[in-house]
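Structural overview for review
Below are the chains, spelled out letter by letter.
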Amino acid sequence: MAGVGTKSGVRYDARGLVEPEAEVPGIAEVSGDTARFDAEELTTRQINLELRDLVYRQGIKDVTIANPGSKNSLAVGILERIKLTIEGSPGWFACGLIDGPEVHIQGRVGWSLCENMMSGVVVVDGPAGSLTCAAIRGGDVVVKGNAGARTGIDQKGGTIIVMGDVGINTGFMMQRGRQIIAGNAGDGLGDSMYDGTIYVGGEVASLGVDCVPGEWTDADTELIERKYRIYDLGPVPEFKKFVCGKQLHNYDSLEPSERKLVI
Amino acid sequence: MCGIAGVIHRNGPGDIGVELTRMLQSMKHRGPDSTGYALYGPSDDMVVIRFILAEPNESRGFGMDALIEKHRAEAESRLAKIGAEVATISSETGYAFRATMRYSGELQPLADYLEDIPGCEVLSLGNSLEIVKDLGDAATVDEQYGLSSFRGTHGIGHVRMATESDVDLASAHPYWAYPFADVAVVHNGQLTNYHHWKRRLERNGHRFQSECDSEIIAVYLAGKLEQGMPLEAAMKDSLDDLDGVFTYVCVTGNELGFAKDEMAAKPLVLFESDDLVAVATEEVAIRHLVQSEATTRDPFEREVKVWQV
C-alpha cells in the first residue's frame, strides 16, 4: 500500500499506520543466543521490527536494546519467554500485551507500562507514569521509583510492586491480583474495587468507595517477603492491607430474577 | 490530545526557539494541526506586538493581498494615532505581523483599536512576550517564522489536535491573557465550567479571541495577577475554580509554572537542573532537549510549581 509522506519524513498509509514500508534494519550484533542493537537512530517501528525479527525469525533468547530515547510503544506484544534488557528509558505504552518475557528497563517509563500484560516479569529501575499496568492479567511488574495516577486500574491478575509513591485512584475498579506499594498512596485508593489485595507501606491519602482495611494473615507476610527476596528489594517494611468491602450493589446475594423484583 | 512544552533558563538567555521546536516536533503525533510558541526575548523599553490581519487560509483568497496591505497601513496609522511610535514592522508570512514601538499608554485601548480593523487579531502584546502560531507542525512554523535564531530566557509551546473547534489560528495555542502584558498559557485538557467562567470574566470587562476553553485560564490567571496575587497562589486557586481535566503551563515576563488537576488526568514530565527547567507532555520531548538519560519525574495530582528566571 502506498504511503503518504510528511515533512518530518514519517510515512503513514491510508489506515494511519506509521511507516508502512519500513523494513527490518538488520543492525543487531548477534552472538550465539544473544543480540544487541542501538535504537538511537531508529524509529519506533524499526525498533519493533528489529526486535521481532530477532525473537521470532532468528530465535534469539536474550536481546539488549540500547538508547531507546523515550520512544513510544516499544516491545509491545512479545509472546515469547525471552530475556529483554532496555538500556535507557522507553516512552509510553512500553511492554503492552506481553506474554512471557523477562524485561529489565534500566531507566524510567512513560504512561501505560505493561497494559494488558498476560505473564512474564518487568522490572523498571526508575519511575513510571500514570496508568501503569492498566488491565494487567498476570505476571510481576516492579517499579523501583514512583508510579503515577490510576496504577493498576482494572487490574485482573498479577502482582504490581511500586517501591515509591503512587497517585490518585490507584487500584480503581481492580478485579483481582495484588499491589504492593512501599510508599504513599494518593486519594481514592482501591475505589470501586471488586476483588484483589492492595498492600501499602506508607500513608494513604484516602480510601476509595468500598475499599476497606483487610485482616492480615500469614499468607500476606509470606507473599511480601517472597517478592522482596526474589527482586532483591531490601528490608521489608510494615504494610497495611486493603481489600474490597463488598458493600456495593453488585455484591448483593440476589438472583437476577429477584433483583428485578426489588428494583 | 495535544502536547505542551515549556523551558526556562535560570541563568541567562538560551536558544529557546531551537529548543522548543525540537521538543514540539518530537510530539507531532499528539497534534499535527497547528503549532504555537510564546517566547520571551530580551526586555527593554520597547513594546512588541504580534498580530494577524487574516487567517492563513483566508489570505490566499482573491484580492486578499491588496486588502491585507490596506489593513496593514490602517494598523500603522492607528498605532500612530494612539500615540505609539513604531520602530519596526515586519511580516514573514504576509498575514502575520510583528511590530516594535515606543508606547507608554494603556495596552487594552491599543489592542481594542487595532482589533477594530476587520480580520485583525492581536496575538501578543508586552515588553518581551512574542506569540507565534500557525498551521502545521513545529518544523513548518519554525521555518516560516525563522524561530531557530530566537534567543530568550523562557518560553512555552503547543502542538494541537483540533477536537472541538476549527483548524485555525484563533483556536491555536498559546493564548495571550488579553489585555495583560506578557502573560500566556498553553493547556492540554478540557474545562467543563468554561461558560461559567467566560460569562464571569466578560462581566468584568474581558473579551475573548476564541471559543477555546484554554483562553479562560490565561485571562483568569492574569486577572488574579493584576490584583497582586503571586502566580503560584493564582494557579493553586485555579485548581479549585476550574472544573475538568487539565494540565497547563503559564508564563509571565519572569516566571514559568505548571498546574495539574486533581485527577492527574493529563500528563506532564518534569526535568529540573540548576540552570534549566523543562516540562513536556511526553518524556520524548525532554530527550530532544537534554540528550542524556537525565532524571525526570511525573508531577502528581494537584501539583503546582513555579520557577523564576
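Not measured: the values here are computed from a predicted model. (Residues numbered from 1 in each chain as written. Chains lettered and ligands numbered in written order. Predicted model: local features only at pLDDT ≥ 70, side-chain atom pairs only at ≥ 80, totals over all residues.)

**A short note on the packing of helix H6 (residues 214-226) of chain B against helix H7 (residues 231-241) of chain B**
All names here are of chain B. Packing of H6 against H7 brings their axes to within 9 Å, and their N-to-C directions diverge by 130°. The angle between H6 and H7 falls in the class oblique. Note on packing geometry: the crossing formed by H6 with H7 is right-handed. Every residue of H7 that contacts H6 at Ile 217, Tyr 220, Leu 221, Lys 224 and Leu 225 is listed here: Leu 231, Ala 234, Met 235, Asp 237 and Ser 238. The residue makeup of the contact of H6 with H7, split by class, is 7 nonpolar, 1 polar and 2 charged. (Axes fitted to C-alpha atoms, helices over the stretch in contact; angles between N-to-C directions. Helix = DSSP H or I, 4+ residues; strand = E, 2+ residues; numbered from the N terminus. Parallel < 35°, antiparallel > 145°, perpendicular 65-115°, else oblique. Left-handed = near helix turned anticlockwise from the far one by under 90°. Contact = placed C-beta atoms within 7 Å. Nonpolar A, V, L, I, M, F, W, Y, C, P; charged D, E, K, R; others polar.)

**Digging into the sheet that holds strand S1 (residues 3-9) of chain B**
Residue and element names in this part refer to chain B. Pairing is antiparallel across the open sheet formed by 7 strands, whose spatial order is S7-S2-S8-S1-S14-S13-S15. The outermost strands of the open sheet, each flanked by one partner alone, are strand S7 (129-135) and strand S15 (296-297). Relative to strand S14 (residues 276-280), strand S13 (residues 269-272) runs antiparallel, the two being bridged by 4 bridges. Residue pairing in the sheet places Phe 271 in a bridge with Ala 278 of S14. Sheet contacts for helix H1 (residues 16-26): S1, strand S2 (34-40), strand S8 (154-160) and S14; angle to S8, the most-contacted strand, approximately 30°. Helix-sheet contacts for helix H4 (residues 138-145) involve S2, S7 and S8, and the interaxial angle to S7 is about 120°. (Pairing = 2+ DSSP bridges.)

**Some thoughts on the pairing of strand S5 (residues 96-102) of chain B**
Residue and element names in this part refer to chain B. Sheet topology note: the strand S3 (residues 47-52)/S5 ladder contains 6 bridges and is antiparallel. Across the sheet, the residue bridging to Ile 49 is Ala 99, located in S5. Of the pairings in the sheet, the one linking strand S4 (residues 85-91) to S5 comprises 6 bridges and is antiparallel in character. Among the inter-strand pairings, Val 86 is bridged to a residue of S5, identified as Met 101. The hairpin formed by S4 and S5 contains 4 residues between the paired strands, and Gly 94 there has a positive phi angle of roughly 95°.

**What about the environment of Lys81(B)?**
Positionally, Lys81(B) belongs in helix H2 (residues 64-81). The sequence separation of Lys81(B) and Leu110(B) amounts to 29 residues, and the corresponding C-alpha distance is 9.9 Å.

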